[in-house]
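Architecture at a glance
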Amino acid sequence: MFRNIIFLCLTVLNTSGDRSYRDNEWNGNWFPHSPNEQDTNPPFVNKNTMTRNDNRVEMGISDPHCDDGETNLNIDWDNNPVNYTCLDRKDLYKPSSYIHPVHTVERIPTFYVASHKCMNESIQYSTSIPTFGTHRPLWPIYGEYKFLPKQRWLHNLEHGAVVMLYHPCANKNEVKLLKNLVKGCLFKHIITPYNLLNPSRPLALVTWGHRLEMSKVSENLAVRFIREHALKGYESTFKNGQYNYGILQRADFVSDLHDSVVCPTATNIMK
Ligand SMILES: *[C@@H]1O[C@H](CO)[C@@H](O)[C@H](O)[C@H]1NC(C)=O
Ligand SMILES: *[C@@H]1O[C@H](CO)[C@@H](O)[C@H](O)[C@H]1NC(C)=O
């Protein structure tokens with residue numbers, strides 16, 4: 001099942017701080033490739049899920065007749081700035097410690113297999129913040145986006161990512177605090193604005209089957225949520241995505257390729 005993932009060597013690739021290696025200092029192998037090289041790894045195909053549903057569109061393969069990450073993107077998002085701009089009264093979104101965070105668990109049947117739909121078909125969800133479901137074959141490169149449609153980030157959730165959503169009207173300091181926390185916890189993260197969040201809880205962390213909605217960042221709760229629910233998507237692959245429309249900043253490695261230590265600097269948080 002995982003034979004397409006070649007575990008070469010664990011390299012700490014942090015671009016900030018003293019843990020980083022410069023290109024010419026590292027003589028070992030790079031995974032998946034050195035910074036200046038093209039990623040030539042074969043796409044990851046989960047053979048188990050393929051046999052459970054033979055009609056499933058293969059993931060991670062760019063195909064202009066299905067999904068190449070460029071054609072017909074309008075079907076998921078029409079590029080409307082309304083989705084990343086604050087057009088509402090900001091005071092409605094003020095952080096408050098009196099509004100308790102809400103953790104929602106969606107029970108996903110054990111044998112549920114999310115399907116992939118090509119860009120000629122729209123995908124609708126029954127909840128405003130879905131935690132699982134049908135999605136696009138190409139998944140986004142990890143990192144922060146100007147705006148990323150849910151039909152894309154759901155695929156990262158399936159691979160064990162944490163997705164941070166924030167309303168464009170949310171308090172700037174709270175947004176910054178949560179962004180830094182997520183970026184410091186794990187490589188496998190996605191950050192995007194999302195204007196369909198509730199004004200009383202304009203911040204959310206989402207993993208496969210779980211969502212945490214907050215008015216104000218609780219560092220304790222956020223770290224515990226990420227430690228307990230990230231990296232649990234049923235299709236584990238460490239391969240980065242292919243889709244990058246709207247990316248602002250690519251994710252950095254935090255502990256290593258496998259995110260084997262989640263939130264390494266949050267040492268004072270109870271396990
Ligand atoms: C969409 O495109 C895919 C791949 O070309 C095809 O298999 C599928 O039948 C198409 N769906 C519709 C509704 O046309
Ligand atoms: C963008 O915002 C509009 C207005 O709130 C909403 O109806 C639409 O669903 C949003 N689009 C996406 C892709 O989130």
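Attention here is on the structure that accompanies the text. What you see as residue numbers is a count from 1 along each chain, following the sequence as written. Chains carry letters and ligands carry numbers; both start at the beginning, A for chains and 1 for ligands, and go up in the order they are written. Reporting of local features is limited, given that this is a predicted model, to residues whose pLDDT is at least 70; pairs of side-chain atoms are given and counted only at 80 or more, and all residues count toward the totals for whole chains, interfaces and linings. Side-chain metrics in this entry use all non-hydrogen atoms of the structure; hydrogen atoms and water are not considered.

**Things to note about the site of ligand 1**
Every residue near ligand 1 is listed here: H65, C118, N120 and E121. In this structure, an oxygen atom belonging to ligand 1 sits 3.3 Å away from a main-chain N or O atom of H65. Contact distances for ligand 1 include 3.1 Å between a nitrogen atom and a side-chain N or O atom of E121. Burial of ligand 1 by the surrounding chains reaches 38%, relative to a free accessible area of 360 Å². Amino acid classes used here: Ala, Val, Leu, Ile, Met, Phe, Trp, Tyr, Cys and Pro are nonpolar; Asp, Glu, Lys and Arg are charged; the rest, including Gly, are polar. Tallied by class, the residues present in the shell around ligand 1 amount to 1 nonpolar, 2 polar and 1 charged. When we say a residue is near a molecule or strand, we mean one of its heavy atoms is within 4 Å of it. Polar contact is defined as a pair of N or O atoms within 3.5 Å, subject to the rule that within protein one atom must be able to donate a hydrogen and the other to accept it, and that residues adjacent in sequence are counted only when both atoms are side-chain atoms. To measure how exposed things are, a 1.4 Å probe is used in the Shrake-Rupley method; for residues, cover is taken only from the protein chains shown.

**What about the side chain of T134?**
Put simply, DSSP marks the helices as runs of H or I at least four residues long and the strands as runs of E at least two long, and each gets a number from the N terminus on. On the secondary structure map, T134 appears in the loop between β1 (102-105) and β2 (143-145). Among the polar contacts made by the side chain of T134, one reaches the side chain of S115 at a distance of 3.5 Å. The contact rule is simple, with two residues in contact once any of their heavy atoms fall within 4.5 Å. Leaving out residues up to four positions away in the same chain, T134 has contacts with Y112, S115, K117, I123, Y125 and L154.

**Quick notes on the site of ligand 2**
As a matter of local geometry, ligand 2 sits amid D76, W77, V82, N83, F147 and N195. A distance of 2.4 Å is found between an oxygen atom of ligand 2 and a side-chain nitrogen or oxygen belonging to N83. In this structure, N195 approaches ligand 2 through a side-chain N or O atom, which is 3.0 Å from an oxygen atom. Burial of ligand 2 by the protein amounts to 60% of the accessible area it has alone, namely 360 Å².

**Digging into the packing of aromatic side chains**
Note on aromatic contacts: the rings of Phe and Tyr and the six-membered ring of Trp form a pair at centre separations within 6.5 Å, being stacked when their planes are under 30 degrees apart, edge-to-face when over 60 apart, and tilted otherwise. Taken as a whole and judged by the stated rule, the model has 7 aromatic pairs. Between W153 and Y194, the ring centres sit 6.2 Å apart and the planes meet at 80°, which makes this aromatic pair edge-to-face. Note that W153 is positioned in helix α2 (residues 150-158) and Y194 in the loop between β4 (189-193) and β5 (203-207), a separation of 41 residues in sequence. Residue W153 shares its accessibility class with Y194, and that shared class is buried. Through a chain of ring-to-ring contacts, three or more aromatic side chains come together here, namely W77, Y84 and F147. Residue exposure (1.4 Å probe, protein chains only): buried if accessible area is under 20% of the type maximum, exposed if over 50%, otherwise partly exposed.

**As for the nonpolar core**
Counting 30 residues, the largest nonpolar core has W153 and L165 as the members making the most contacts within it. Looking at this core, the elements with two or more residues in it are α2, β3 (162-166) and β5. Looking at which element gives the most residues to this core, the answer is α2, with 3 residues. Residues grouped as a nonpolar core are buried Ala, Val, Leu, Ile, Met, Phe, Trp, Tyr and Cys residues, joined through side-chain atoms within 4.5 Å. With 24 residues, the next largest nonpolar core counts V162, A170, I191 and L205 among its residues.

**Focus on the environment of C86**
Locating C86 in the fold gives a position in the loop between α1 (47-52) and β1. For C86, a relative accessible area of 26% gives the class partly exposed. Apart from the residues within four sequence positions on either side, C86 is in contact with P168 and C169.

**Focus: the sheet that holds β1**
Two strands pair under a simple rule: DSSP has to find at least two bridges between them. As summarised here, the arrangement of the 7 strands in space is β1-β6-β5-β3-β4-β2-β7, forming an open sheet in which the pairing is mixed. Two strands bound the open sheet, and with one partner strand each, they are β1 and β7 (247-250). When strand polarity is set aside, the average angle formed by the axes of neighbouring strands in this sheet is 15°. Bridging between β2 and β7 involves 3 bridges; their strand directions are antiparallel. Looking at β7, one finds that Y145 is bridged to I247. Fitting a line to C-alpha atoms yields each axis, with helices limited to the stretch in contact; the angle taken between N-to-C directions then spans 0 to 180 degrees.

Note that every value here comes from positions in space, so none of it alone points to a role or purpose.
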